Amino acid sequence: MADPRKISSCSLHSSDHLYSQDSVLYALNRFLKTISNMNDTVLVPCKLHDVEDDQDEKSLTSMSSDDGVSSLTANLFDSYQMLNEAKEDLLWGTNGKQEINEASPTHQFKHHLTHLQQLLNQFSDVANQLTTKYQSETGSCEY
């Protein structure tokens, strides 16, 4: 029987999750699916300028930062653009794009995403070094 903790690349796109709902992979998969659904639904994004945000607790325009100052977007169209930009940054990297307003959620997202990517790359390098060292010490070969 396969190890249920092992994740294949195709499992990210299936509805059967092999990881916890508390994991980053689950949140990432959910985010990508909901953005895809949003893009399939919103065929004319500029019409969002005419749609009022109901300002409920899940509204981007009603969210605030730790200091209580509203830090997200002013309208649904801006929210739409921000969410699509976040998706692009997740899939293709931030490519050094800098946000002028350092307090903006877009800047904060890119900052944290860049650092997460750097840490994951460092962890991968350490894992590769550990594997190579183990193989050289034990005389085992790669699979």
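Everything below is about the structure shown above.
From a predicted model like this one, the values you see are computed outputs, not experimental measurements.

Novice: Sorry, what's going on with the overall build of the chain here?
Specialist: If you tally the helices and strands in the chain, you get three helices and zero strands. Listing every helix and strand of the chain by position from the N terminus yields α-α-α. The proportion of buried residues among the 143 residues of the chain is 22%. Taking contacts inside the chain between residues at least 6 apart in sequence as the whole, the part at least 24 apart equals 33%. Put simply, the chain shows about 11200 Å² of open surface, and 55% of that area lies on carbon and sulfur atoms.

Novice: Teacher, can you tell me more about the pattern of salt bridges here?
Specialist: Side chains that differ in sign of charge can pair as their charged atoms come close. In this structure the tally under the stated criterion is three salt bridges. Between Lys-133 and Glu-137 there is a salt bridge, and its shortest N-O distance comes to 3.4 Å. Of this pair, Lys-133 and Glu-137 both sit in helix H3 (residues 105–138), four residues apart, roughly one helical turn. Like Lys-133, the residue Glu-137 is exposed in the burial classification. Each of Glu-85, Asp-89 and Lys-110 takes part in a single network of salt bridges with overlapping partners.

Novice: I tried to follow the side chain of Thr-94 on my own but got confused; where do I start?
Specialist: Locating Thr-94 in the fold gives a position in the loop between helix H2 (76–92) and H3. Here Thr-94 falls in the buried class, since its relative accessible area comes to 11%. A polar contact of 3.5 Å, which involves the side chain of Thr-94, links it to the side chain of Thr-114. When near neighbours in sequence (up to four residues on either side) are disregarded, Thr-94 contacts Asp-89, Lys-110, Leu-113 and Thr-114.

Novice: In this structure, what is going on with the nonpolar core? I would like to understand it.
Specialist: A general tendency of soluble globular proteins is for nonpolar side chains to be buried together. Within the largest apolar cluster, ten residues are counted, these being Phe-31, Ile-35, Met-38, Val-42, Leu-48, Phe-77, Tyr-80, Met-82, Leu-83 and Ala-86. Of all elements in the fold, only helix H1 (24–41) and H2 reach the threshold of two or more residues within this core. Apart from residues lying up to four places away in sequence, Met-38 is in contact with Tyr-80, Leu-83 and Asn-84.

Definitions and cut-offs
Residues numbered from 1 in each chain as written. Predicted model: local features only at pLDDT ≥ 70, side-chain atom pairs only at ≥ 80, totals over all residues. Heavy atoms only, no water. Helix = DSSP H or I, 4+ residues; strand = E, 2+ residues; numbered from the N terminus. Buried < 20%, exposed > 50% of the residue type's maximum accessible area, 1.4 Å probe, protein only. Contact = heavy atoms within 4.5 Å. Areas by Shrake-Rupley, 256 points an atom, 1.4 Å probe, with all protein chains shown as cover. Salt bridge = Lys/Arg side-chain N within 4 Å of Asp/Glu carboxyl O. Polar contact = N/O pair within 3.5 Å; in protein donor to acceptor, adjacent residues only side chain to side chain. Core = buried A, V, L, I, M, F, W, Y, C linked by side-chain atoms within 4.5 Å.

Coordinates in, geometry out; function isn't part of it.
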